[in-house]
Amino acid sequence: MSSGGFGSQNGTGGGTYANGPFQSPIALHPTSQDYVVGQPGCPTIAQSKAPLISGTNPSRPHQPATEVSLYQNPSGSSLPIMPPGPLQPMPPSQPAPNNHRMPLSPPSQSASALPVSNSYYQHPPQPTSWQYGGQSHIGAPSKGIQPGPVPNPGASQVYSMATATPPSFHNASPSPGHAPITASANHVTMPAGAYPSQPGQMSKSDGTAYPPLPPGYQSMLGVPKPSPVHLPTQPYSSPSQQYQQPPVGPAQLSPSLAALSLQSQTPEALRVINLLQERNLLPPGPIPPPTPCLPQDLQKFNSNPEVFRCTLTSIPQTQSLLNKARLPLGLLLHPFKDLSQLPVVTSSTIVRCRSCRTYINPFVSFLDQRRWKCNLCYRVNDVPEEFMYNPVSRSYGEPHKRPEVQNATIEFIAPSEYMLRPPQPAVYLFVLDVSHNAVETGYIDVVCQSLLENLNSLPGDTRTKIGFITFDSMIHFYNLQEGLSQPQMLIVSDIEDIFLPTPDSLLVNLNECKELVQDLLKSLPQMFAKTMETQSALGPALQAAFKLMSPTGGRVSVFQTQLPTLGMGSLQSREDPNQRSSAKDVQHLSPATDFYKKLALDCSGQQVAVDLFVLSAQYCDLATLGCISRYSAGSVYFYPSYHNEHNPAQTERFQKDLKRYLTRKIGFEAVMRIRCTKGLSIHTFHGNFFVRSTDLLSLPNINPDAGFAVQMSIEENLLDMQVVSFQAALLYTSSKGERRIRVHTLCLPVVNSISDIFAGADVQAITGLLASMAVDRSVTASMTDARDAMTNAVIDSLTSYRNSVLAVQQPGLLAPACLRLFPLYILGLLKQKAFRTGTSTRLDDRVFAMCQLKCQPLTHLMHLVHPSLYRLDTLTDEGARNVNDHIIPQPGVLQLSVEKLVREGAFLMDSGSEFYLWVGRNCNPTFLRQVLGVQNYADVPLNMNQLPELDTVESTRTRAFIGWLREQRPLYSVLHIIREESPLKSIFMQNMIEDRTESALSYYEFLLHVQQQVSK
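Residues numbered from 1 in each chain as written. Predicted model: local features only at pLDDT ≥ 70, side-chain atom pairs only at ≥ 80, totals over all residues. Heavy atoms only, no water.

**A closer look at the overall build of the chain**
1) Next: Of regular secondary structure, the chain possesses 21 helices and 33 strands.
2) Next: Residues classed as buried in the chain amount to 64% of the 1016 residues present.
3) Next: Across the chain, contacts joining residues at least 24 apart in sequence account for 81% of those joining residues at least 6 apart.
4) Next: A total of about 35100 Å² of accessible surface is found on the chain, and carbon and sulfur atoms cover 49% of it. (Helix = DSSP H or I, 4+ residues; strand = E, 2+ residues; numbered from the N terminus. Buried < 20%, exposed > 50% of the residue type's maximum accessible area, 1.4 Å probe, protein only. Contact = heavy atoms within 4.5 Å. Areas by Shrake-Rupley, 256 points an atom, 1.4 Å probe, with all protein chains shown as cover.)

Here it is, written out as structure tokens:
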């Protein structure tokens, strides 16, 4: 992929990095590839070949970026970057070649410099809508949504269809979820106050159901499932050589593609759905991601979509074709995910392309027994002698059967050339707020008790080190040197000039000093029990932590309960409580000072990551404090209104999260590089990290719960390619001191038909990418712009589908089956805490929701966008799963509308971080007794957070289902059991995203608005 023209993303200044022997494949001319066109029904591939044009873009000082669409190909500009850290992802013996990048000239707009960025704060103000290129926008201008009376659908031909096809779902159809943020300046611009210009225009409150529906839009039961389409494949033909070609590699695609034919029927993904007539679009269970249209011999090797997936499973040949589809192109990664099966290879020779440094993978081509062709830059490489031996089969002479060529996800134990210093030990530093406010919450007891219980489970080896710092208006260090009879507190009162009183005894070997550490944890809660110190010197405490950790690197865990008030980084409250439900633009989403960002960049350069736990009932300015984690590859954990006694639900969540945090796998001093086939280019990253160069992310820590996203563009036509590949390589040090490389490779077909592009759209991946983009837009431009752009993403994509794919124009709001949930997901985002307006939302709550959207893996992020609703009082074992010899019921997912609730039932809402069990006033008495353990509705406690363990079938079944849901996510989800008069009912109803509220449209009204714009 192109690596020229981009500099470091979040840096402040410094020299250019030489990141090992990485060379841009854009500078490499392709070898001859005489591909044959595949048959219709699967992606069609054009024959023509385009000359490769490359241009150099040398590093230059940072220049302010002018306005440019997030979906337009940016020209590269190098930014100032931080001094290089101690680690490089490639062997240092290789020279770093020149970087090359193709000059861009969009049709109607000059290319502008756009920095590679994961930052909320680095994009310049941009137009209201996102573009996919420099083309004119679809649609006519509009002055916003006027949410007046909803027309009677039955009176208009708009809601009639010649044929009403029942919705169907199967594994071959793309999963609903993500569509690009395509928005045009000519499209409707929606006012900041959600949809109505004045909240008072809507008199109905939370939970108002749909207006009367047309006959075709009524509930549809018993929807038949079509049988999946089975794509026949043929074995690959052998090249005209003595060596028998194994059945893998894109160079042998032609015969298999020729065997793939869907010409007798329209793919399920393109089945036309009138969203205004068919309402029951949610499948009963999890939505599978779309399967790329590849030969089975290739597809069986592809990367797990939970680890690595693309917004489009069919890649357009050209940027102009991508622009026409109005869909975003990007990748979503969960690179360090806990995997039940992970092949690990120990070898003195790791086979990589000599030009672009791609790791050998299942999608390379073996020309013969001694040569292989790279699937990213097409260079022909020699097969090393050692690679001829297969350690699995213990056979010689079959390199194509090696584990590296049989697994899209694999981990290497790296040899010495992948180290610039000995692997660092696991080092953990805990920084605790001990002010009066902190002591009042009681969190110190929980942290110390959890550490005592899990001290032996901290990831590490005999070299593991640990240390502690506490702070209020002063900084307290703890001497834990072996030989002391008890821990020794050392106080630094001069917070303007922080120093380490005894640098050699503040971080100690855990095994050698475990008793002193245990003594400190037992005594720490009482040491400050009677403190009256109310000040907080968080900034100086972080500076002390940086000084202490710089020599080794490691993880800093910071616990903070209030706004910092003293020393560097002190802050003042910026939140106006009267503006929490304002319909105007949200203020103060950007940081108040760059102190925490600069310190985070310093930490990143020394391989130190900072995780921030905020436990507070007061405003803490997460928009500013969060920078310390964002740019150091840390994580932010937020527990609003935390109190050990007054809020037991938060305490339970904090305890469970902390145990997971302390004991989960961790990688140190990591870097991640993302490569792609030449012609494709990465231009924006999303997540918590620091970008050293175009495609190299600095990750001082990597954890299994972190997700990332990247936006991509097509810089050079892919006319001579049938497939493209993407590879993410994560180089890290394990807690045991091993240098390891985890590699994920994804292969996707290239198509030249816009209908094939739509057929391969992954709606959940699209939604996840748009969510990250909208977070950036909210901060760099305005909340109104972000909301407008998300709405226009739906309008533009459905307009493109209507104009470019549909052969016969029909009335109604038409969408392909693969995008049937796109409007619903975007409406869910508009009503999510991060982006909602007109509903009271604390500023810290909003900022934390934005952090989650940027950093959560896609499977967890979708719960935040569209919660799942189940009925529990009618649970049965019919259709249940057997998981580890436990029977897990599988109730159907219900629409998020109050019309699905009945007072005789009990309904569970899974919103990701929390469960809400709503109990109707006339709930089945059997459910009350057998599951809740009460005799009648009035006996249900208002603050009930746990289900009693009753010896009944119903209790076992219900707890098994909720426990199974919890096991699928990394952090703990609290259960709230609520009655109709419970204070939490309003939160439950706010998640009913299909219903109208005083400040937002219902799903049906939103569809009417989209249809109005699409029909213009």
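That shown, we press on.
**Re the sheet that holds strand β4 (residues 330-333)**
1) Next: Read from one edge of the open sheet, four strands run β2-β4-β24-β21, paired in antiparallel fashion. Edge positions in the open sheet fall to β2 (308-310) and β21 (680-686), since each of these has one partner strand only. If you compare each strand with its neighbour and ignore which way they point, the axes differ by 25° on average.
2) Next: Bridge count for β4 against strand β24 (residues 708-714) is four bridges, and the pairing is antiparallel. Paired with glycine 330 across the two strands is glutamine 711, which belongs to β24. (Pairing = 2+ DSSP bridges. Axes fitted to C-alpha atoms, helices over the stretch in contact; angles between N-to-C directions.)

**Details of the sheet that holds strand β6 (residues 365-368)**
1) Next: Strand order across the open sheet formed by three strands is β6-β7-β8, with antiparallel pairing between neighbours. Two strands lie at the open edges of the sheet, namely β6 and β8 (380-382), each paired on one side alone. Across the sheet, the mean angle separating the axes of adjacent strands is 35° when strand polarity is ignored.
2) Next: In this structure, β6 lies alongside strand β7 (residues 371-373), joined through three bridges in antiparallel fashion. Within β7, the residue paired with aspartate 368 across the bridge is arginine 371.

**Description of the pattern of salt bridges**
1) Next: Enumeration according to the criterion identifies 31 salt bridges in this entry.
2) Next: One salt bridge in this structure joins arginine 326 and aspartate 796, with 3.2 Å as the shortest N-O distance. Remark: aspartate 796 occurs in helix α14 (residues 783-804) and arginine 326 occurs in the loop between α3 (319-325) and β4; sequence separation between them is 470 residues. Accessibility assignment for this pair places arginine 326 and aspartate 796 in one class, buried.
3) Next: A salt bridge links aspartate 776 to lysine 854, with the shortest nitrogen-to-oxygen separation between them at 2.9 Å. Residue aspartate 776 is located in helix α13 (residues 763-780), and its partner lysine 854 is located in helix α16 (residues 843-855); the two are separated by 78 residues in the primary sequence.
4) Next: The network of salt bridges with shared partners includes Asp338, Arg660, Arg664, Lys665 and Asp705. (Salt bridge = Lys/Arg side-chain N within 4 Å of Asp/Glu carboxyl O.)

**Considerations on helix α21 (residues 1003-1014)**
1) Next: An ideal rise of 1.5 Å per residue puts 16 Å on twelve residues; α21 measures up with 16 Å between its terminal C-alpha atoms.
2) Next: Counting buried residues along α21, eleven of its twelve residues qualify, which places the element largely inside the surrounding structure.
3) Next: When α21 is considered as a whole, its buried residues turn out to be Tyr1003, Tyr1004, Glu1005, Phe1006, Leu1007, Leu1008, His1009, Val1010, Gln1011, Gln1013 and Val1014.
4) Next: Packing partners of the buried residues in α21 comprise α14 and α15 (822-830). (Expected span 1.5 Å × (residues − 1).)

**Considering the side chain of serine 505**
1) Next: Topologically, serine 505 is positioned in the loop between β15 (488-492) and β16 (508-509).
2) Next: A relative accessible area of 5% means that serine 505 is categorised as buried.
3) Next: Among the polar contacts made by the side chain of serine 505, one reaches the side chain of threonine 502 at a distance of 3.0 Å.
4) Next: Among residues more than four places away in sequence, those in contact with serine 505 are Tyr478, Asn479, Leu480 and Gln481. (Polar contact = N/O pair within 3.5 Å; in protein donor to acceptor, adjacent residues only side chain to side chain.)

**Considering helix α8 (residues 595-605)**
1) Next: A large share of α8 lies buried, amounting to nine of its eleven residues.
2) Next: Of all the residues in α8, the buried ones are Phe595, Tyr596, Lys597, Leu599, Ala600, Leu601, Cys603, Ser604 and Gly605.
3) Next: Contacts from the buried residues of α8 go to α7 (538-549), β18 (608-616), α9 (622-625), α10 (627-630), β22 (690-693) and β23 (696-702).
4) Next: Directly beyond the C-terminal end of α8, a positive phi value near 60° is found at glutamine 607.

**So, the environment of serine 473**
1) Next: Note that serine 473 resides in the loop between β13 (465-471) and β14 (475-479).
2) Next: Given the relative accessible area of 14%, serine 473 is considered buried.
3) Next: When near neighbours in sequence (up to four residues on either side) are disregarded, serine 473 contacts Ile495, Glu533, Gln535, Ala537 and Leu566.
4) Next: A distance of 3.0 Å separates a polar atom in the side chain of serine 473 from a polar atom in the side chain of glutamate 533.

**A look at the packing of α13 against α16**
1) Next: Their axes nearest at 8 Å, the elements α13 and α16 cross at an angle of 140°. Here α16 runs oblique to α13, going by the angle between their axes. At the point where α13 passes α16, the crossing takes the left-handed sense. Within the contact between the two elements, α13 uses Ala771, Ser772, Val775, Asp776 and Ser778 and α16 uses Met850, Leu853 and Lys854.
2) Next: In terms of residue class, the contact of α13 with α16 is built from four nonpolar, two polar and two charged. (Parallel < 35°, antiparallel > 145°, perpendicular 65-115°, else oblique. Left-handed = near helix turned anticlockwise from the far one by under 90°. Nonpolar A, V, L, I, M, F, W, Y, C, P; charged D, E, K, R; others polar.)

**Some thoughts on the packing of aromatic side chains**
1) Next: This structure, assessed with the given rule, holds 22 aromatic pairs.
2) Next: Here the aromatic residues Tyr443, Phe559, Phe613, Tyr637, Tyr639, Tyr642, Phe654 and Tyr661 are joined through ring pairs into a cluster of three or more.
3) Next: Residue placement shows arginine 352 over the ring face of tyrosine 359; its charged tip is 4.1 Å from the ring centre.
4) Next: In this arrangement the basic side chain of arginine 555 is found over the ring face of tyrosine 661, its NZ or CZ atom lying 4.2 Å from the centre. (Phe/Tyr/Trp six-rings, centres within 6.5 Å; stacked < 30°, edge-to-face > 60°. Lys NZ or Arg CZ within 6 Å of the ring centre and 35° of its normal.)

**Topic: the pairing of β21**
1) Next: Most of β21 is tucked away: seven of the seven residues are buried.
2) Next: Alignment of β21 against β24, held across six bridges, turns out to be antiparallel. Considered in β24, the bridge of histidine 686 is made with alanine 709.

**Describing the confidence of the model for the chain**
1) Next: Mean pLDDT over the chain: 77, with 73% of residues reaching 70 or higher.
2) Next: Mean pLDDT values over the elements of the chain span from 40, in helix α1 (residues 253-259), up to 97, in strand β17 (residues 554-560).
3) Next: Within the model, pLDDT remains below 50 along residues 1-127, and this stretch shows 422 contacts once partners closer than five positions in the same chain are excluded.
4) Next: This stretch, residues 132-264, has a pLDDT under 50; its non-local contacts, to residues over four places away or in other chains, come to 406 contacts. (pLDDT = per-residue confidence, 0-100.)

**A word on the nonpolar core**
1) Next: Grouped together as the largest cluster of nonpolar side chains are 201 residues, with contacts concentrated most on Phe726 and Leu932.
2) Next: Residues within four places of leucine 932 in sequence aside, it is in contact with Leu917, Val919, Phe927, Val940, Met944, Leu947, Pro948, Leu950 and Ile977.
3) Next: With 40 residues, the next largest nonpolar core counts Leu455, Leu524, Tyr639 and Leu662 among its residues. (Core = buried A, V, L, I, M, F, W, Y, C linked by side-chain atoms within 4.5 Å.)

**Some points on the packing of α13 against α14**
Helix-helix packing is characterised by the crossing angle of the two axes and by the distance between the axes.
1) Next: Two elements in contact, α13 and α14, have axes separated by 7 Å at closest approach and are oriented at 150°. With respect to each other, α13 and α14 are oriented roughly antiparallel. Here the hand of the crossing between α13 and α14 comes out right-handed. Along its contact with α13, which presents Leu770, Ala774, Arg777 and Ser778, the element α14 presents Met783, Asp785, Ala786, Ala789, Met790 and Ala793.
2) Next: Per-class residue counts for the contact of α13 with α14 are seven nonpolar, one polar and two charged.

**Some remarks on unusual backbone geometry**
1) Next: At arginine 326, a position not held by glycine, the phi torsion is positive, near 60°.
2) Next: Even without being glycine, histidine 588 reaches a positive phi, approximately 65°.
3) Next: By secondary structure assignment, the location of histidine 588 is in the loop between β17 and α8.

**Observations regarding the environment of proline 423**
1) Next: Among the structural elements, proline 423 can be located in the loop between β11 (409-413) and β12 (427-433).
2) Next: A relative accessible area of 15% places proline 423 in the buried class.
3) Next: Each C-alpha atom of the pair proline 423 and glutamate 738 lies 6.8 Å from the other, and the pair is 315 residues apart in sequence.
4) Next: Here proline 423 is in contact with Arg463, Glu669, Thr733 and Gly737, once residues within four sequence places are set aside.

**Brief notes about the pairing of strand β33 (residues 974-978)**
1) Next: Counting buried positions along β33 gives five out of five residues, so the element sits mostly inside the fold.
2) Next: Residues of β33 alternate between two faces, with Val974, His976 and Ile978 on one and Leu975 and Ile977 on the opposite face, all of them buried.
3) Next: Bridge count between strand β32 (residues 914-919) and β33: five bridges; the pairing is parallel. Across the sheet, phenylalanine 915 pairs through a bridge with leucine 975, a residue of β33.

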